[in-house]
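What follows is each chain in one-letter form.
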Amino acid sequence: MEYLYIIQIALVWIVTIYWLYQLVVSVCSLIKLKDKPILEDKQNRFMAIIPAHNEAAVVANLVESLKNQNYPKELYDIYVIADNCTDNTAEVARNAGAIVYERFDETKKTKGFALQWFLAQKIEEDAPYDALCVFDADNIADENFLKAMNKKLCQGENVVQGYRDIKNPTDNWITAGYAIFYWTMNRFYHYARYNVGLSPLLNGTGFMVRFDVIKPTGWDTKTLTEDIEFSLKNIIEGRRLGWATDAIVYDEQPTGFKQSWSQRSRWTVGHIQCLKEYTGLLATAVKEKKTLMNFDGLLYMLGSIPMFVITIFLLLINFVIYAAQGMTTMELVINVLRYLIPTFLFPILTAILIMAMDKRPIKPMIKGLLFYPLFLGSWLLINFKCLFKRETKWEKIEHVRDIKINEVN
């Protein structure tokens, strides 16, 4: 039993130090720092890239929002990669005004493969672009997206994540859960890290990459979470990613729990793949470069599945110790509730704080706030399931909401 006490104390210290570090970094989101100076006054040339698999219902809205950017029309082109489509996505995209590339490869269906295929052609052509922006077909982009990203390029940024907002936050408790999660990540992870010189991460869509960064190797990713993988590769190389609060893109979230479970399972499996592939490389980068940015990237990897496993192990040890002390069933329940009640209340209070800081109306989100612990709890179940059963098959998330940019603004 003495050994269990020692292990318990060690694990408590590990969990406490980890979350204290996260809290300190998150507080830095409250600091308003001076904007970076403009290093080069230039209007850069962009390609907007939209990988799309059977997205005829939504892709035109994104193309339309990109055509209406507050940016010179001759300085950007809109490309749609109609990827293994069996519907009329290509036709709809062409009619909307996009340049369409059609790709057919049943063995390689993910967005990462589509980007790899398309960008290899643009690199070979030596296409005359300064940067590329990547969107999901269900997105709609704020009219100042390219203008904001151009400013970041002029400030010397190479890889920049835009602000990922939600098209349908009030549809039900699931979309509300996604919205609150992304608002939290935007404020307390990406913005906070950018403020203190650490590195944000790419977040799936609405990001910009300087073309010169891509040219040496192309879009070279192989996991189910190509955004995280690309972020980690840049951090390992010592390249800090940027963050653009005013480059806003709106994303549609699934309304069905089965679709949500499938999507988040894929993300968890992708994280596990990145954990295996890049933890050692991140640790080596920490040793060689000795920067807090590399250490923070390593903590991100260790803070997902490994920290989850440590927490489960700690709870099991606590249960064994309590049982060995002769606690009654009621005493055990009370002790468990002492941990569970704050664990459920804290995310709700954090979400209310973020919504107040971002001046978002709370009333339409009350149901979502109450169910937010359930959303996070289901994610813990997904993580636990993926420890033992990892499905790597890509499944399409259906996007059907016909929401235009003027409806979210």
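In short, a report on the structure.

This brings us to the overall build of the protein chain. When helices and strands are tallied, the protein chain shows 14 helices and 8 strands. By the compact-globule yardstick of 22 Å for 409 residues, the protein chain fits well, its C-alpha radius of gyration being 22 Å. Sorting the 409 residues of the protein chain into buried and exposed places 53% on the buried side. Long-range contacts, defined here as pairs at least 24 residues apart, represent 81% of the contacts in the protein chain between residues at least 6 apart.

Strand order across the open sheet formed by 8 strands is 3-2-1-4-7-6-8-5, with mixed pairing between neighbours. Each of the sheet's edge strands pairs with one partner strand only, and the pair in question is strand 3 (99–103) and strand 5 (140–141). Note: strand 4 (residues 131–134) against strand 7 (residues 207–210), 4 bridges, orientation antiparallel. For A131, the partnering residue across the bridge sits in strand 7 and is R210. Its contacts with the sheet put helix 3 (residues 89–96) on strand 1 (46–52), strand 2 (76–83) and strand 3, and the angle it makes with strand 3 is roughly 165°.

Okay, the packing of helix 9 (residues 257–289) against helix 10 (residues 292–302) next. Helix 10 packs onto helix 9 with a crossing angle of 155° between their chain directions and a minimal axis gap of 9 Å. Classed by the angle they form, the pair helix 9 and helix 10 counts as roughly antiparallel. Of the two possible hands of crossing, helix 9 and helix 10 adopt the one that is left-handed. In this structure, helix 9 uses H271, C274, L275, T279, L282, A283, A285, V286 and K289 to contact helix 10, whose residues at the interface are N294, F295, G297, L298, Y300, M301 and L302. Split by residue class, the contact of helix 9 with helix 10 holds 11 nonpolar, 4 polar and 1 charged.

Scanning the entire structure with this criterion turns up 25 aromatic pairs. Between the aromatic rings of Y18 and W19, the centroid separation amounts to 5.0 Å while the plane-to-plane angle is 80°, which identifies the pairing as edge-to-face. According to the relative accessible area criterion, Y18 is buried, its value standing at 10%. Judged by centre distance (5.3 Å) and plane angle (65°), the rings of F384 and F388 are edge-to-face. Here F384 pairs with F388, and both are found in helix 13 (residues 366–388), just 4 residues apart, close to one helical turn. Grouped by ring-pair contacts, the aromatic residues Y178, F181, Y182, W267, Y372, F375 and W379 constitute a single cluster.

Here we come to the layout of surface pockets. Taken as a whole, the second largest pocket holds about 600 Å³ of empty space. In terms of lining, the second largest pocket is formed by 21 residues, of which the most central are K32, Y191, Y194, N195 and T245. In terms of residues, the lining of the second largest pocket owes the most to one element, helix 6 (residues 173–195), which gives 6 residues.

Next up on the list: a nonpolar patch on the surface. A cluster of nonpolar side chains, namely I341, L345, L349, I352, I362, I366, L370, F371 and L374, defines an oily patch on the protein surface of about 790 Å² accessible area. Broken down by secondary-structure element, the contributors of at least two residues to the nonpolar patch are helix 12 (329–357) and helix 13. In this structure, L345 sits in helix 12. The exposure class assigned to L345 is partly exposed, which follows from its relative accessible area of 47%.

Here we take up the packing of helix 2 (residues 59–67) against helix 3. Contact geometry of helix 2 with helix 3 gives a least axis separation of 9 Å together with a crossing angle of 25°. One way to sum up the angle between helix 2 and helix 3 is to call them roughly parallel. Read as a crossing pair, helix 2 and helix 3 show a hand that is right-handed. Contacts from V59, A60, V63 and K67 of helix 2 reach helix 3 at T89, V92, A93 and A96. The class makeup of the residues in the contact of helix 2 with helix 3 is 6 nonpolar, 1 polar and 1 charged.

Moving on: the pairing of strand 8 (residues 242–251). A large share of strand 8 lies buried, amounting to 7 of its 10 residues. Of the pairings in the sheet, the one linking strand 5 to strand 8 comprises 2 bridges and is antiparallel in character. By the bridge assignment for strand 8, I140 is matched with Y250. Pairing analysis gives 7 bridges linking strand 6 (residues 159–166) to strand 8, with the strands arranged parallel. Considered in strand 8, the bridge of R164 is made with V249.

For the rest of this paragraph, the subject is helix 10. Most of helix 10 sits out of view: 8 of its 11 residues are buried. Where helix 10 is buried, its residues contact helix 1 (2–27), helix 6, helix 8 (226–236), helix 9 and helix 11 (305–324).

Core analysis: the biggest nonpolar cluster contains 67 residues, and M47 and L132 have the highest contact counts within it. The dominant element in this core, judged by the number of residues it contributes, is helix 6, at 12 residues. Membership of the second largest hydrophobic core comes to 36 residues, among which are A90, A93, V100 and A137.

To continue, consider the environment of L387. Of note, L387 is situated in helix 13. Taking relative accessible area as the criterion, L387 reaches 23% and is therefore assigned partly exposed. The residues contacting L387, other than those within four sequence positions of it, are I305, F308 and V309.

Analysis parameters
- Residues numbered from 1 in each chain as written.
- Predicted model: local features only at pLDDT ≥ 70, side-chain atom pairs only at ≥ 80, totals over all residues.
- Heavy atoms only, no water.
- Helix = DSSP H or I, 4+ residues; strand = E, 2+ residues; numbered from the N terminus.
- Rg over C-alpha atoms; globule rule 2.2 N^0.38 Å.
- Buried < 20%, exposed > 50% of the residue type's maximum accessible area, 1.4 Å probe, protein only.
- Contact = heavy atoms within 4.5 Å.
- Pairing = 2+ DSSP bridges.
- Axes fitted to C-alpha atoms, helices over the stretch in contact; angles between N-to-C directions.
- Parallel < 35°, antiparallel > 145°, perpendicular 65-115°, else oblique.
- Left-handed = near helix turned anticlockwise from the far one by under 90°.
- Nonpolar A, V, L, I, M, F, W, Y, C, P; charged D, E, K, R; others polar.
- Phe/Tyr/Trp six-rings, centres within 6.5 Å; stacked < 30°, edge-to-face > 60°.
- 1 Å grid on protein atoms, 1.4 Å probe; cavity = no way out; pocket = protein on both sides within 12 Å on 5 of 7 lines; lining within 4 Å.
- Points joined across faces, edges and corners; volume = space filled by probe spheres on them.
- Patch = residues over 30% accessible without salt bridge, like charges linked within 9 Å, V, L, I, M, F, W, Y side chains within 5 Å.
- Areas by Shrake-Rupley, 256 points an atom, 1.4 Å probe, with all protein chains shown as cover.
- Salt bridge = Lys/Arg side-chain N within 4 Å of Asp/Glu carboxyl O.
- Core = buried A, V, L, I, M, F, W, Y, C linked by side-chain atoms within 4.5 Å.

As far as function goes, none of this settles anything; it's purely spatial.
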